[in-house]
Amino acid sequence: MAKFNSLVPGTEIENAAEDFRAALKVEQYRVGKAAVYLPAGFKWNYIPLSGVRSADGSHRNITAGHCVTVTERKPAVELVTDAERFTLSLDKAESVQAILDAIER
């Protein structure tokens, strides 16, 4: 059985395993009714939705190359809690809206 660890100190959810099983899969993340789950090796970290103050679509820039640099914009979702900000890095632009929709329901 997978282990679940809250990333927001002092905010835990009941029965994370059950919420995880029913969660929507969006790329490598899972969005349940009570939390957003982030993979961490053989366990899962989670951000309780009760601790999320705001969720917004964002992007990150990836720069590569030495002689000729290339910058690529990749989609992301930024979750803000009282403890800190979390950025969910994504590959597909449509995944941003899927995560935001799942958080709102």
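This text goes with the structure placed above it.
Please read these numbers as outputs of a predicted model, since none were measured by experiment.

Undergrad: Looking at this structure, how should I read the nonpolar core?
TA: General note: in soluble globular proteins, nonpolar side chains tend to be found buried as a group. Of all hydrophobic cores here, the largest spans 19 residues; its most connected members are Val36, Ile47, Val77, Leu79, Leu88, Ile99 and Ile103. Counting residues per element, the ones that place at least two in this core are strand 3 (29-31), strand 4 (35-40), strand 7 (70-81), strand 8 (85-89) and helix 2 (93-104). Element by element, the count of residues in this core is highest for helix 2, at five residues. Once you skip the residues sitting within four places of it in the chain, Val36 turns out to touch Arg30, Val31, Asn45, Tyr46, Ile47, Leu49, Leu79, Leu88 and Ile103.

Undergrad: Is there a simple way to think about the sheet that holds strand 7 in this case?
TA: Strand pairing in a sheet relies on backbone hydrogen bonds. The paired strands run either parallel or antiparallel. Overall, antiparallel pairing links the three strands, which are arranged 6-7-8 in an open sheet. Of all the strands in the sheet, just strand 6 (52-64) and strand 8 have a single pairing partner and so form its edges. When the angles between neighbouring strand axes are averaged without regard to direction, this sheet yields 30°. Where strand 6 meets strand 7, twelve bridges bridge the pair, whose relative direction is antiparallel. Residue pairing for strand 7: Ser54 is matched across the bridge by Val80.

Parameters at a glance
- Residues numbered from 1 in each chain as written.
- Predicted model: local features only at pLDDT ≥ 70, side-chain atom pairs only at ≥ 80, totals over all residues.
- Heavy atoms only, no water.
- Core = buried A, V, L, I, M, F, W, Y, C linked by side-chain atoms within 4.5 Å.
- Buried < 20%, exposed > 50% of the residue type's maximum accessible area, 1.4 Å probe, protein only.
- Helix = DSSP H or I, 4+ residues; strand = E, 2+ residues; numbered from the N terminus.
- Contact = heavy atoms within 4.5 Å.
- Pairing = 2+ DSSP bridges.
- Axes fitted to C-alpha atoms, helices over the stretch in contact; angles between N-to-C directions.

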